[in-house]
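Below are the chains, spelled out letter by letter.
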Amino acid sequence: MNTTERVGWSRIEMAQKAALDIPDGSYVNLGIGMPELIADHVPPGIEVIYHTENGLLGMGPVPEPGQEDVELINAGKKYVTAIKGACFFHHADSFTMIRGGHLDISILGALQVCEKGDLANWSTGKPGAIPAVGGAMDLVAGVKNVWVITDHNTKDGQFKLVNNCSFPLTGKGVVDRVYTNLAIIEITEEGLKVREMAPGITFEYLQEKTEPKLIQ
Amino acid sequence: MNTTERVGWSRIEMAQKAALDIPDGSYVNLGIGMPELIADHVPPGIEVIYHTENGLLGMGPVPEPGQEDVELINAGKKYVTAIKGACFFHHADSFTMIRGGHLDISILGALQVCEKGDLANWSTGKPGAIPAVGGAMDLVAGVKNVWVITDHNTKDGQFKLVNNCSFPLTGKGVVDRVYTNLAIIEITEEGLKVREMAPGITFEYLQEKTEPKLIQ
Amino acid sequence: MINKLVGSDAEAVSDIFDGATVMIGGFGEAGSPIELIHRLIDLGSKNLTVVSNNTGSGNVGIAALIANRQVRKMICSFPRSTNSVVFPELYRAGEIELELVPQGTLAERIRAGGAGIPAFYTPSSVNTPLAEGKEQREFNGQTYVLEYGIKADFSLVKCQSADRYGNLTYNKTARNFSPIMCTAADITIVQAKYMVEAGEIDPETVVTPGIFVNRVVEITDPAHESILVASGERYPR
Amino acid sequence: MINKLVGSDAEAVSDIFDGATVMIGGFGEAGSPIELIHRLIDLGSKNLTVVSNNTGSGNVGIAALIANRQVRKMICSFPRSTNSVVFPELYRAGEIELELVPQGTLAERIRAGGAGIPAFYTPSSVNTPLAEGKEQREFNGQTYVLEYGIKADFSLVKCQSADRYGNLTYNKTARNFSPIMCTAADITIVQAKYMVEAGEIDPETVVTPGIFVNRVVEITDPAHESILVASGERYPR
């Protein structure tokens, strides 16, 4: 398998696809990494409020150079800004929002997602790896809709959409939808249902890159 | 028994006695009724911070006439003021202070106190009585020191310091000290220990007015 | 654009259904959302379970809601106060149910409901009649009672300032149960004394973040329960 | 007169004993009380259990405390970050213990410890390795895991403004764990950027009420972890 050539949607296009699905007025938590790109692609006229679990509702864009504030950061510890109408709060209140089901959408990265919606995204379980979980287990347990945005396969061509996760779980049966470079896939009672495929991607190709049987 | 003539300390004197025992810098919650009198008798030079469980730390004295604010009240729903350095908070935070053991002293009224420190102060258990508990059970469960201030006997001469409470309990083994019109009594492992008697009160008289055996 | 301001108090409460659980902010009259309660009386929804620290006084506000026979059950800590006549009469007549909860346990149960915590252990009420029939357990040699989170279909609260996002501030001890009730309801309905522009409330001083609020109605000059009671007001008149 | 201001940061931490449990505020560098941590390094107390979301970066602050072999065990959610080398090395060598806790569970356990709640149920971590060996229970058909409140002997936090009563405000996302840590320790020690007169902080906007604070020291110009790390600073030098 050629692992250097990118197939299907670019990272930006993936973020655009996810951004288009966010309803107006949603409260959204974006995970570290690729999910962060999504905020840049929400269409004009749609107002989305971003929550960052370290204590800010109403997170704004990255600050202008020179305007960074070491005490205004997001969960990825990057500098951010606060919109007009934002508010700050402590961690117990922040996770009241998460665990209490007040957020509409959590968009996360993934190591593996299984056809039942199990998510593994915090640890490869390798000996010597430093386990670090952060807020991921709280997000998947509490937020109403959990979306994953990830490359369809690993860099060395392994499945990320699997029959059963081999890595330690973040949560069981929690993922509702997956955005990859190849397709948008809904996790349904019946299994993985393909909603949309990237231009040039055939169903057969997609199935080849996916361990569980897909529903067209 | 003559029930109209008051014996021993006046209510003011009882409040003075209790006030003198409050260490400088204490955080204190005063119950509704007689305990409220205590704040007026703390000696100059002693700073006490009053907590009222409806959401104010740093409660000040009763406002000047005409200065009442219907949104600044204490747990007894009376108008109060706030000192410089006060703060307002919601009920879950207020009972974090109480249940979490952050308050130094809770001073309450009582229907009955038993020699093991059980307190009954919220219900006579009579049919037709409307049960109402408020914050009393939280206060006795959480505050470091629980003091009771009460007349030594009921208006019709019944014991209030009893072998066993007949009224429904507020808490078991929670009272540390009782201030009455006749005496100041410590609740100890050995039983009720008389620390001080009001002028003119003999130990024999005090024992006669008290069901459990007193320790001199 | 997010804008939680609704046109009227009547509209704000219009979907409170028969059998709903409704949390109502306030400790005594401080923080009691009288106008929202009166619109709920106008609406006439029946068989409500009401979670509120008290049962009101006189014949206005919560007391009037109870008098109008809209409340099947009260969950509260102190259903008795000066000028409180409506609840005691119905309770003695066996016509209203009461779940009496210690005030701190009530607060914690509401907070737990809002925070996704189904149950917790507390030392309050152990060895008292209010712990009877409840599961108990020892931790570090001390006994605790298991209590459950409470959630509501609706919360009705009064605040001081609100913006279009639903960010709220309160006034002094009128804050009491309202911030936690905002977190524990499917639909939180707020009457605000002042509507302000987004950003006018310093982000450091927001008490209720807007995520917990669904609807805000501006009531610039809210009635005060004690003044209504003193003047013998009844609702409905 | 109540006055919680103490003379120096060294004095503020001087009774932190060997074997103590110490909560340290901060999420990454935001809110990390570097000066108090460095004074704890000067003091040299050993066998500490440290509760903090992260394990620090570079060779200053929490990372330096760990590097100085004062920490027996870390209770945290994310012991890994850019420029984090000290903890990973010791952890791989089996020379420091780790209790990994989901971030929201960590926050709730600290809050519970401060609020007198010995234990609670949470949905977070169910069906994951972090729930293994823990008691589980169903409520309304969903599975939850039992988690315990955490208390500490000391909490070290950084705030923005403080008065003599110990009332505190914070700065933006530097607030994070500090308000709940203040409630959960026997002795809460605070480094404040500004000491202000009692009453200067609006009573509506106090974030940590003074009852939760024992000692305050003014550190007008606190160091920033990222700047120290970028310039290759080590503590002790």
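Our structure is the block above this text.
Note that the coordinates shown come from a computational prediction; the quantities given were computed from them, not determined experimentally. (Residues numbered from 1 in each chain as written. Chains lettered and ligands numbered in written order. Predicted model: local features only at pLDDT ≥ 70, side-chain atom pairs only at ≥ 80, totals over all residues. Heavy atoms only, no water.)

K.L.:
I tried to follow the overall build of chain C on my own but got confused; where do I start?
P.N.:
Tallying secondary structure elements over chain C gives seven helices and 11 strands in all. Taking 18 Å as the expected radius of gyration for a compact globule of 237 residues, we find that chain C reaches 18 Å, a close match to that expectation. Taking all 237 residues of chain C together, 66% fall into the buried category. The contacts in chain C between residues at least 6 apart in sequence include a share of 75% that link residues at least 24 apart. If you average the places of the 21 positive and of the 27 negative side-chain charges in chain C, the two averages end up 3 Å apart. (Helix = DSSP H or I, 4+ residues; strand = E, 2+ residues; numbered from the N terminus. Rg over C-alpha atoms; globule rule 2.2 N^0.38 Å. Buried < 20%, exposed > 50% of the residue type's maximum accessible area, 1.4 Å probe, protein only. Contact = heavy atoms within 4.5 Å. Lys, Arg positive; Asp, Glu negative; His and termini not counted. Charge placed at Lys NZ, Arg CZ, Asp CG, Glu CD.)

K.L.:
Any chance you could explain the sheet that holds strand β6 (residues 112-114) of chain A here in plain terms?
P.N.:
By way of backbone hydrogen bonds, the strands of a sheet pair with one another, either parallel or antiparallel. All names here are of chain A. Pairing within the open sheet is mixed, and its three strands lie in the order β7-β6-β9. Each edge of the open sheet carries a strand with a single partner, namely β7 (119-120) and β9 (161-162). Sheet analysis places β6 next to β7, joined by two bridges and oriented antiparallel. Its bridge partner lying in β7, Val-113 is registered against Leu-119. (Pairing = 2+ DSSP bridges.)

K.L.:
In this structure, what is going on with the packing of helix α3 (residues 91-99) of chain A against helix α5 (residues 103-115) of chain C? I would like to understand it.
P.N.:
For any two helices packed against each other, the geometry comes down to the angle between their axes and how far apart the axes lie. One way to put it is that α3 of chain A packs onto α5 of chain C with a least axis distance of 7 Å and a crossing angle of 60 degrees. For the element pair α3 of chain A / α5 of chain C, the angle class is oblique. Of the residues in α5 of chain C, those in contact with Ala-92, Phe-95, Thr-96 and Arg-99 of chain A of α3 of chain A are Arg-111, Gly-114 and Ala-115 of chain C. (Axes fitted to C-alpha atoms, helices over the stretch in contact; angles between N-to-C directions. Parallel < 35°, antiparallel > 145°, perpendicular 65-115°, else oblique.)

K.L.:
I would appreciate a short explanation of the side chain of Gln-191 of chain C in the present structure.
P.N.:
Within the secondary structure, Gln-191 of chain C sits in strand β10 (residues 185-195). Those residues in contact with Gln-191 of chain C that sit more than four places away from it in its chain are Pro-33, Ile-34, Glu-35, Leu-36, Val-157, Lys-158, Cys-159, Val-217, Ile-219 and Pro-222 of chain C.

K.L.:
Would you explain the interface of chain A and chain D in this entry?
P.N.:
Contact residues are listed per partner, giving 37 residues for chain A and 45 residues for chain D. By the criterion of area lost to chain D, the three top residues of chain A are Glu-71, His-91 and Ile-130 of chain A, representing 22% of everything that side buries. Summed over the shared surface of chain A and chain D, the number is three salt bridges. Between Arg-99 of chain A and Glu-108 of chain D there is a salt bridge; the shortest N-O distance is 3.9 Å. Applying the counting rule to chain A against chain D returns 19 residue pairs in polar contact (both at pLDDT 80 or more). Looking at the side of chain A that touches chain D, the elements with two or more residues in it are α3 and α4 (136-142) of chain A. Element by element, the count of residues in the side of chain A that touches chain D is highest for α3 of chain A, at four residues. Classifying every residue of the side of chain A that touches chain D gives 20 nonpolar, 10 polar and seven charged. (Buried area = accessible area lost by both parts, 1.4 Å probe. Salt bridge = Lys/Arg side-chain N within 4 Å of Asp/Glu carboxyl O. Polar contact = N/O pair within 3.5 Å; in protein donor to acceptor, adjacent residues only side chain to side chain. Nonpolar A, V, L, I, M, F, W, Y, C, P; charged D, E, K, R; others polar.)

K.L.:
Sorry, what's going on with the packing of aromatic side chains here?
P.N.:
To describe a pair of aromatic rings, you give the distance between the ring centres and the angle between the ring planes. Scanning the entire structure with this criterion turns up 13 aromatic pairs over all chains. Relative to Tyr-148 of chain D, the ring of Phe-139 of chain C lies with its centre 5.9 Å away and its plane at 75 degrees, an arrangement referred to as edge-to-face. Of the two residues, Phe-139 of chain C is situated in strand β6 (residues 136-139) and Tyr-148 of chain D in strand β7 (residues 142-148); the pairing between them involves two chains. With a centroid separation of 5.5 Å and 20 degrees between ring planes, the pair formed by Phe-87 of chain D and Tyr-91 of chain D is classed as stacked. Of this pair, Phe-87 of chain D and Tyr-91 of chain D both sit in helix α4 (residues 86-92), separated by four residues, roughly a single helical turn. When its relative accessible area of 0% is taken as the criterion, Phe-87 of chain D is described as buried. Members of the aromatic cluster, connected to one another through ring pairs, are Tyr-121, Phe-139, Tyr-144 and Tyr-148 of chain C together with Tyr-121, Phe-139, Tyr-144 and Tyr-148 of chain D. Of note, Lys-77 of chain A hangs over the ring of Phe-27 of chain D, and the distance from its end group to the ring centre comes to 4.7 Å. (Phe/Tyr/Trp six-rings, centres within 6.5 Å; stacked < 30°, edge-to-face > 60°. Lys NZ or Arg CZ within 6 Å of the ring centre and 35° of its normal.)

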